[in-house]
Amino acid sequence: MASHSTHPGGASGVRRRALLGTVVLVVLVALAGLAAYLTRDGRGPSEAPAPPSSSPTASSSASSSGPLAPHTRPRALPVPPKTRDPIAFGKAAAVALWSYDTRAYSQAELRKALRGWLTTEAKYADPASVDKAVPSPVLWKEMSANGQLATAKVHEGHFPNAFTRALQEDPGAITQAYVYAVTVSGKQSIAWKGSPAGGAESRSTTLAVQCRPHQPCALVGVMPSVAP
(Lines give C-alpha, C1' and ligand atoms only; values in the text may rest on other atoms or scores of the structure.)
Protein backbone atom coordinates (compact mmCIF):
# COMPACT_ATOMS: atom_id res chain seq x y z
CA MET A 1 0.00 0.00 0.00
CA ALA A 2 2.18 2.76 -1.31
CA SER A 3 1.53 6.36 -0.35
CA HIS A 4 -0.10 8.89 -2.64
CA SER A 5 3.24 10.63 -3.00
CA THR A 6 4.44 7.74 -5.20
CA HIS A 7 1.23 7.54 -7.20
CA PRO A 8 1.36 9.30 -10.60
CA GLY A 9 -1.39 11.79 -9.75
CA GLY A 10 -5.06 11.22 -9.13
CA ALA A 11 -6.41 12.21 -12.55
CA SER A 12 -3.63 10.53 -14.52
CA GLY A 13 -4.02 7.41 -12.39
CA VAL A 14 -7.73 7.25 -13.17
CA ARG A 15 -7.04 7.67 -16.88
CA ARG A 16 -4.41 4.94 -16.82
CA ARG A 17 -6.71 2.52 -15.03
CA ALA A 18 -9.55 3.37 -17.40
CA LEU A 19 -7.32 2.74 -20.42
CA LEU A 20 -6.10 -0.52 -18.96
CA GLY A 21 -9.67 -1.54 -18.35
CA THR A 22 -10.67 -0.64 -21.90
CA VAL A 23 -7.88 -2.76 -23.36
CA VAL A 24 -8.58 -5.73 -21.16
CA LEU A 25 -12.33 -5.34 -21.66
CA VAL A 26 -11.96 -6.35 -25.28
CA VAL A 27 -11.22 -9.90 -24.17
CA LEU A 28 -12.44 -9.88 -20.57
CA VAL A 29 -15.88 -8.35 -20.99
CA ALA A 30 -17.53 -11.21 -19.11
CA LEU A 31 -15.17 -11.27 -16.15
CA ALA A 32 -16.78 -10.69 -12.77
CA GLY A 33 -15.69 -7.50 -11.10
CA LEU A 34 -14.32 -5.81 -14.22
CA ALA A 35 -17.04 -3.17 -14.29
CA ALA A 36 -16.07 -2.08 -10.77
CA TYR A 37 -12.46 -1.87 -11.87
CA LEU A 38 -13.31 0.40 -14.78
CA THR A 39 -15.39 2.77 -12.64
CA ARG A 40 -13.11 3.16 -9.63
CA ASP A 41 -13.30 6.77 -8.44
CA GLY A 42 -9.62 7.54 -8.19
CA ARG A 43 -8.87 5.61 -5.01
CA GLY A 44 -5.14 5.48 -4.36
CA PRO A 45 -3.35 2.24 -3.48
CA SER A 46 -3.03 3.40 0.12
CA GLU A 47 -6.79 2.92 0.48
CA ALA A 48 -6.65 -0.74 -0.52
CA PRO A 49 -7.06 -3.40 2.17
CA ALA A 50 -3.93 -4.76 3.77
CA PRO A 51 -2.52 -7.95 2.21
CA PRO A 52 -3.52 -11.08 4.10
CA SER A 53 -1.13 -12.78 6.49
CA SER A 54 1.30 -9.88 6.53
CA SER A 55 2.15 -10.03 10.23
CA PRO A 56 3.00 -12.74 12.75
CA THR A 57 -0.34 -12.12 14.46
CA ALA A 58 -2.30 -12.69 11.28
CA SER A 59 -0.23 -15.55 9.96
CA SER A 60 -0.23 -17.46 13.23
CA SER A 61 -3.87 -18.31 12.64
CA ALA A 62 -3.16 -19.85 9.25
CA SER A 63 -2.95 -23.59 8.86
CA SER A 64 0.49 -25.14 9.06
CA SER A 65 2.09 -26.38 5.85
CA GLY A 66 5.37 -27.69 7.18
CA PRO A 67 8.75 -25.95 7.47
CA LEU A 68 9.93 -23.35 5.01
CA ALA A 69 13.39 -23.10 3.54
CA PRO A 70 16.03 -22.22 6.16
CA HIS A 71 14.95 -18.99 7.79
CA THR A 72 18.53 -17.69 7.86
CA ARG A 73 18.91 -17.65 4.08
CA PRO A 74 18.14 -14.21 2.56
CA ARG A 75 15.95 -14.16 -0.52
CA ALA A 76 16.83 -12.07 -3.56
CA LEU A 77 14.54 -9.51 -5.15
CA PRO A 78 12.26 -10.99 -7.83
CA VAL A 79 13.44 -10.82 -11.45
CA PRO A 80 11.00 -11.34 -14.34
CA PRO A 81 11.61 -14.41 -16.51
CA LYS A 82 12.31 -14.14 -20.23
CA THR A 83 9.38 -16.12 -21.56
CA ARG A 84 6.75 -15.65 -24.26
CA ASP A 85 4.29 -17.94 -22.51
CA PRO A 86 1.64 -15.85 -20.69
CA ILE A 87 0.72 -18.64 -18.28
CA ALA A 88 4.35 -19.31 -17.35
CA PHE A 89 4.89 -15.58 -16.84
CA GLY A 90 1.69 -15.27 -14.82
CA LYS A 91 2.82 -18.04 -12.50
CA ALA A 92 6.20 -16.38 -11.97
CA ALA A 93 4.55 -13.00 -11.37
CA ALA A 94 2.20 -14.48 -8.77
CA VAL A 95 5.15 -15.95 -6.88
CA ALA A 96 6.86 -12.55 -6.98
CA LEU A 97 3.76 -10.76 -5.71
CA TRP A 98 3.19 -13.25 -2.88
CA SER A 99 6.83 -13.34 -1.69
CA TYR A 100 8.99 -10.98 0.33
CA ASP A 101 11.91 -10.97 2.77
CA THR A 102 12.04 -8.04 5.17
CA ARG A 103 15.55 -9.07 6.25
CA ALA A 104 17.09 -8.83 2.80
CA TYR A 105 15.80 -5.56 1.34
CA SER A 106 13.59 -2.56 2.01
CA GLN A 107 9.95 -1.99 1.15
CA ALA A 108 10.98 0.58 -1.46
CA GLU A 109 13.41 -1.87 -3.06
CA LEU A 110 10.74 -4.56 -3.34
CA ARG A 111 8.23 -2.08 -4.75
CA LYS A 112 10.76 -0.93 -7.37
CA ALA A 113 11.62 -4.52 -8.28
CA LEU A 114 7.97 -5.47 -8.79
CA ARG A 115 7.40 -2.40 -10.94
CA GLY A 116 10.23 -3.73 -13.09
CA TRP A 117 7.90 -6.55 -14.12
CA LEU A 118 5.49 -4.08 -15.74
CA THR A 119 5.25 -3.53 -19.46
CA THR A 120 7.23 -0.54 -20.68
CA GLU A 121 4.14 0.59 -22.62
CA ALA A 122 2.99 3.16 -20.09
CA LYS A 123 -0.50 3.49 -21.56
CA TYR A 124 -1.21 -0.12 -20.59
CA ALA A 125 0.77 -0.52 -17.35
CA ASP A 126 -1.12 -0.22 -14.06
CA PRO A 127 1.57 0.25 -11.38
CA ALA A 128 -1.00 1.11 -8.71
CA SER A 129 -2.40 -2.43 -8.81
CA VAL A 130 1.10 -3.81 -8.26
CA ASP A 131 1.86 -1.37 -5.44
CA LYS A 132 -1.17 -2.68 -3.58
CA ALA A 133 0.53 -6.06 -3.27
CA VAL A 134 3.38 -4.53 -1.24
CA PRO A 135 2.90 -3.88 2.49
CA SER A 136 2.93 -0.22 3.48
CA PRO A 137 6.17 1.30 4.83
CA VAL A 138 4.72 1.35 8.36
CA LEU A 139 3.66 -2.29 8.21
CA TRP A 140 6.95 -3.27 6.59
CA LYS A 141 8.84 -1.71 9.50
CA GLU A 142 6.86 -3.84 11.96
CA MET A 143 7.40 -6.95 9.86
CA SER A 144 11.11 -6.21 9.55
CA ALA A 145 11.45 -6.00 13.33
CA ASN A 146 10.21 -9.61 13.43
CA GLY A 147 12.43 -10.75 10.56
CA GLN A 148 9.35 -11.77 8.59
CA LEU A 149 9.51 -13.39 5.17
CA ALA A 150 7.04 -15.05 2.85
CA THR A 151 7.56 -17.67 0.18
CA ALA A 152 5.06 -18.87 -2.39
CA LYS A 153 4.35 -22.01 -4.35
CA VAL A 154 2.11 -22.09 -7.41
CA HIS A 155 -0.28 -24.99 -7.87
CA GLU A 156 -1.62 -24.08 -11.30
CA GLY A 157 -2.30 -21.30 -13.79
CA HIS A 158 -4.84 -21.03 -16.59
CA PHE A 159 -6.75 -18.68 -18.86
CA PRO A 160 -10.10 -17.83 -17.22
CA ASN A 161 -13.18 -19.35 -18.82
CA ALA A 162 -14.58 -15.97 -19.87
CA PHE A 163 -11.27 -15.01 -21.46
CA THR A 164 -11.15 -18.25 -23.45
CA ARG A 165 -14.72 -17.82 -24.64
CA ALA A 166 -14.08 -14.22 -25.67
CA LEU A 167 -11.05 -15.25 -27.72
CA GLN A 168 -12.99 -18.03 -29.39
CA GLU A 169 -15.71 -15.57 -30.38
CA ASP A 170 -13.27 -12.92 -31.63
CA PRO A 171 -9.71 -14.26 -32.04
CA GLY A 172 -8.50 -10.97 -33.48
CA ALA A 173 -9.55 -8.92 -30.48
CA ILE A 174 -6.30 -9.51 -28.66
CA THR A 175 -4.06 -8.25 -31.45
CA GLN A 176 -4.24 -4.59 -30.42
CA ALA A 177 -2.48 -4.91 -27.09
CA TYR A 178 -1.82 -8.66 -26.76
CA VAL A 179 -3.08 -8.61 -23.19
CA TYR A 180 -3.94 -12.01 -21.71
CA ALA A 181 -5.79 -12.83 -18.51
CA VAL A 182 -4.10 -15.48 -16.36
CA THR A 183 -5.56 -16.86 -13.14
CA VAL A 184 -3.03 -18.40 -10.76
CA SER A 185 -3.61 -20.34 -7.56
CA GLY A 186 -1.08 -21.42 -4.98
CA LYS A 187 -0.03 -21.11 -1.37
CA GLN A 188 1.84 -18.43 0.57
CA SER A 189 3.95 -19.55 3.53
CA ILE A 190 5.14 -17.08 6.17
CA ALA A 191 7.86 -17.33 8.81
CA TRP A 192 9.39 -14.96 11.34
CA LYS A 193 11.79 -14.93 14.27
CA GLY A 194 11.03 -17.75 16.65
CA SER A 195 8.68 -19.45 14.20
CA PRO A 196 10.65 -20.79 11.22
CA ALA A 197 7.76 -23.07 10.18
CA GLY A 198 5.25 -20.24 10.35
CA GLY A 199 1.90 -20.75 8.70
CA ALA A 200 0.37 -20.84 5.25
CA GLU A 201 -2.76 -19.95 3.38
CA SER A 202 -4.11 -20.50 -0.13
CA ARG A 203 -3.83 -17.59 -2.56
CA SER A 204 -5.29 -16.89 -5.98
CA THR A 205 -5.16 -13.93 -8.33
CA THR A 206 -5.96 -12.94 -11.90
CA LEU A 207 -3.25 -11.03 -13.70
CA ALA A 208 -3.22 -9.11 -16.97
CA VAL A 209 -0.12 -10.15 -18.91
CA GLN A 210 1.13 -8.64 -22.16
CA CYS A 211 2.89 -11.00 -24.55
CA ARG A 212 3.52 -9.33 -27.89
CA PRO A 213 4.91 -11.54 -30.68
CA HIS A 214 8.69 -11.92 -30.58
CA GLN A 215 8.94 -10.12 -27.22
CA PRO A 216 9.19 -11.46 -23.66
CA CYS A 217 5.99 -11.19 -21.64
CA ALA A 218 5.46 -8.36 -19.16
CA LEU A 219 2.96 -7.63 -16.43
CA VAL A 220 0.13 -5.21 -17.17
CA GLY A 221 -1.54 -5.28 -13.78
CA VAL A 222 -3.41 -7.20 -11.11
CA MET A 223 -7.15 -7.53 -11.67
CA PRO A 224 -9.39 -6.50 -8.77
CA SER A 225 -11.11 -9.88 -8.55
CA VAL A 226 -10.25 -13.49 -9.33
CA ALA A 227 -11.75 -14.88 -12.54
CA PRO A 228 -12.41 -18.66 -12.61
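The rules behind each value
- Residues numbered from 1 in each chain as written.
- Predicted model: local features only at pLDDT ≥ 70, side-chain atom pairs only at ≥ 80, totals over all residues.
- Heavy atoms only, no water.
- Helix = DSSP H or I, 4+ residues; strand = E, 2+ residues; numbered from the N terminus.
- Buried < 20%, exposed > 50% of the residue type's maximum accessible area, 1.4 Å probe, protein only.
- Contact = heavy atoms within 4.5 Å.
- 1 Å grid on protein atoms, 1.4 Å probe; cavity = no way out; pocket = protein on both sides within 12 Å on 5 of 7 lines; lining within 4 Å.
- Points joined across faces, edges and corners; volume = space filled by probe spheres on them.
- Nonpolar A, V, L, I, M, F, W, Y, C, P; charged D, E, K, R; others polar.
- Phe/Tyr/Trp six-rings, centres within 6.5 Å; stacked < 30°, edge-to-face > 60°.
- Pairing = 2+ DSSP bridges.
- Core = buried A, V, L, I, M, F, W, Y, C linked by side-chain atoms within 4.5 Å.
- Salt bridge = Lys/Arg side-chain N within 4 Å of Asp/Glu carboxyl O.
- Arc of directions from axis to C-beta.

**Student:** What is the right way to read the overall build of the chain from this model?
**Tutor:** The number of helices and strands found in the chain is eight helices and five strands. Going from the N terminus to the C terminus, the chain shows its helices and strands as α-α-α-α-β-α-α-α-β-α-β-β-β. The buried share among the 228 residues of the chain stands at 48%. In the chain, 76% of the contacts between residues at least 6 apart in sequence involve partners at least 24 apart.

**Student:** Honestly, the layout of surface pockets in this entry has me stumped. Any pointers?
**Tutor:** Where empty space is left can be seen by rolling a probe of water-molecule size over the atoms. Approximately 280 Å³ is the volume found for the second largest pocket. Lining the second largest pocket are 16 residues; nearest its centre among them are Leu118, Thr119, Pro216, Cys217 and Ala218. Partitioned by chemical class, the residues of the lining of the second largest pocket number eight nonpolar, five polar and three charged.

**Student:** Explanation requested: the packing of aromatic side chains in the structure shown.
**Tutor:** Each aromatic ring pair is described using two quantities: the centre-to-centre distance and the angle formed by the ring planes. Tallied over the full model, the rule gives six aromatic pairs. Look at Phe163 and Tyr180: their rings are 6.1 Å apart centre to centre, the planes differ by 50 degrees, and that puts the pair in the tilted class. Of this pair, Phe163 sits in helix H8 (residues 161–169) while Tyr180 sits in strand E3 (residues 179–192); the two residues are 17 residues apart in sequence, bridging distant segments of the chain. For Tyr180, a relative accessible area of 18% puts it in the buried group.

**Student:** Any chance you could explain the pairing of E3 here in plain terms?
**Tutor:** A regular strand carries its side chains on alternate faces of the sheet. When you tally the buried positions in E3, you get 13 out of 14 residues, the bulk of the element. As judged from the nine bridges shared by strand E2 (residues 149–158) and E3, these two strands associate in the antiparallel manner. Counted as the bridge partner of Val154 is Gly186 from E3.

**Student:** Looking at this model, I keep getting lost on the nonpolar core. Mind explaining?
**Tutor:** When a protein is soluble and globular, its nonpolar side chains tend to lie buried together. Counting residues in hydrophobic clusters, the biggest one holds 35 residues, and the most contacted among them are Tyr100 and Leu219. Elements represented by at least two residues in this core include exactly helix H4 (86–98), helix H5 (107–115), helix H7 (137–145), H8, E3, strand E4 (195–210) and strand E5 (218–222). When residues no more than four places from it in sequence are discounted, the contact partners of Leu219 are Phe89, Ala93, Trp117, Leu118, Thr119, Val130, Leu207 and Ala208. Ala177, Val179, Ala208 and Met223 belong to the second largest nonpolar core, which has six residues in total.

**Student:** Where do I start with the pattern of salt bridges in this structure?
**Tutor:** It is possible for side chains bearing opposite charge to pair when their charged atoms get close. Summed over all chains, the structure comprises four salt bridges. Where salt bridges share partners, they join Arg111, Arg115 and Asp131 into one cluster.

**Student:** Explain the environment of Ile174 to me, please; I cannot follow it from the model alone.
**Tutor:** Relative to the assigned elements, Ile174 resides in the loop between H8 and E3. Taking the C-alpha atoms as reference, Ile174 lies 9.9 Å from Gln210; in sequence the two are 36 residues apart.

**Student:** When you look at unusual backbone geometry in this model, what are you seeing that I'm missing?
**Tutor:** With the exception of glycine, the majority of residues adopt a negative phi angle, and the majority of peptide bonds are in the trans configuration. Look at Tyr178: it is not a glycine, yet its phi comes out positive at around 55 degrees. Among the structural elements, Tyr178 can be located in the loop between H8 and E3. Although it is not a glycine, His214 sits at a positive phi angle of roughly 65 degrees. Summarising the element assignment, His214 is placed in the loop between E4 and E5.

**Student:** Just checking my understanding: could you explain H7 for this structure?
**Tutor:** Each full turn of the α-helix corresponds to 3.6 residues, which orients residues three or four apart in the same direction. Taken as a whole, H7 has its buried residues at Leu139, Trp140 and Met143. Each buried residue of H7 lies within a common arc of 100 degrees when the element is viewed along its axis, so the set occupies one face. For H7, the exposed residues set more than 90 degrees away from the buried face come down to Val138, Lys141 and Ala145. Considering only its buried residues, H7 is in contact with strand E1 (100–101) and H5. Gly147 sits one or two residues past H7 and shows a positive phi near 60 degrees.

Bear in mind that shape data such as this cannot, by itself, settle questions of function.
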